[in-house]
Every structure is written in structure tokens, then in C-alpha cells.
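Close look at the chain arrangement
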Amino acid sequence: MKVIEIQPLTNAAFFPFGDVIEMEGAYNYPINAGKCVRYHDLAKIETTGEKARAMISLLRGEPYMLPLELRMVERHPLGSQAFIPLTDYPFLVVVAKETANGPAEPLAFRTKPGQGVNIGRNVWHGILTPLDGPSDFAVVDRGGEGVNLEEHFFEEPFLIR
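First things first, this report covers the structure right here in the doc. (Residues numbered from 1 in each chain as written. Predicted model: local features only at pLDDT ≥ 70, side-chain atom pairs only at ≥ 80, totals over all residues. Heavy atoms only, no water.)

Note that Phe153 resides in strand S17 (residues 150-160). Judged by relative accessible area, Phe153 falls into the exposed class, the value being 56%. Beyond its immediate chain neighbours, meaning those up to four positions away, Phe153 contacts Arg71 and Met72. (Helix = DSSP H or I, 4+ residues; strand = E, 2+ residues; numbered from the N terminus. Buried < 20%, exposed > 50% of the residue type's maximum accessible area, 1.4 Å probe, protein only. Contact = heavy atoms within 4.5 Å.)

Structure, rendered in C-alpha cells:
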């Protein structure tokens, strides 16, 4: 089984797959008479297709243990998918570039507290994978008509550690 080493989540490393959502280094300015700071325009939300609309959901995920076998990735051809943690536990973000034969070898990133991601439209990615404890997330993704899920099962699983 091929091993994938988890790396830290950074803007530079994640750029081909979407956006890192975090305050650190983000454009910001004061609002509400200086009592609040707005960290502005942190992700590009994409929606396309029939009657497309952006929607917000809340998720509660149980933690996964490492090492983890990765057998499947998915993608959403009609919209991006943002995961914004509401708890301080890290989570695993698995993404893969597209090749002529489907997804390439995946990359795995571990978030730090306060980091979320916006996975771009049509980008192969793993499922939501909280680590270290039960985790709540705000999710911004596409609602509307049309099939917005494609799954790919690998012939041989990958071991993420």
C-alpha cells in the first residue's frame, strides 16, 4: 500500500485545489465603529448549473484515527465546497489533481486551529475527516438541480499517516 505523508495546510501548497480560509495574512479592516474586524473575501464560492444557489449547512463529524486507509475520493462538478471549523480540533484535507485517467495520487493536509478550506469546483477530494475529537463545521456549497457528485474508487488504497 502506498503511503501518503500528511503535510501542514498552507496557502501555497493548497492553491491548486482551492482556498485556505483563515485570518492569518488575510485582508482585513475595522467595521462596527471599530469594535469588529472583517477578514474579507476569503474564498471564491462557485455555483453553476440549473437553478444553482449557494447554501449554508452545519455538520457534526466524529473523529477518525490515523493512519487511515483512503479508498475513495469525490468531486462536485457544479460547485465549490467550503468547510469552516467551529471547534478547535484539526481536520484532514485530502485532494488530488485531475489526470487523463482520473485523480492523481492524493495529497493530505492537516489543518491548524482556525483554518478552513474551500475546495474548488470539480476538484477531487476526500470526505470530511475530523481528527482528535468530535468537530462541528459550517459548510458553504451548492444547492440546486443537477447531479453534483462524482466518486472515484482507487484500485489499491493509500495509507495516510
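What follows concerns the sheet that holds strand S13 (residues 116-119). Read across the sheet, five strands follow the order S3-S13-S8-S16-S6 without closing on themselves; strand pairing throughout is antiparallel. Edge positions in the open sheet fall to strand S3 (18-21) and strand S6 (53-61), since each of these has one partner strand only. In this sheet, neighbouring strand axes are inclined to one another by 15° on average, regardless of whether the strands run parallel or antiparallel. (Pairing = 2+ DSSP bridges. Axes fitted to C-alpha atoms, helices over the stretch in contact; angles between N-to-C directions.)

In total, this model carries five aromatic pairs according to the counting rule given. Between Phe91 and Phe137 the ring centres are 5.0 Å apart and the planes differ by 85°, which places this aromatic pair in the edge-to-face class. With a gap of 46 residues between them, Phe91 in strand S9 (residues 91-96) and Phe137 in strand S16 (residues 135-143) connect regions that are remote in the sequence. Both residues of the pair, Phe91 and Phe137, count as buried. (Phe/Tyr/Trp six-rings, centres within 6.5 Å; stacked < 30°, edge-to-face > 60°.)

You can see His76 is positioned in the loop between strand S7 (68-75) and strand S8 (81-85). For His76, a relative accessible area of 11% puts it in the buried group. At 3.4 Å, the side chain of His76 and the side chain of His125 are in polar contact. In this structure the side chain of His76 is engaged in a polar contact, spanning 2.7 Å, whose partner is the backbone oxygen of Asn148. (Polar contact = N/O pair within 3.5 Å; in protein donor to acceptor, adjacent residues only side chain to side chain.)

By themselves, these are just geometric observations and shouldn't be taken as functional.
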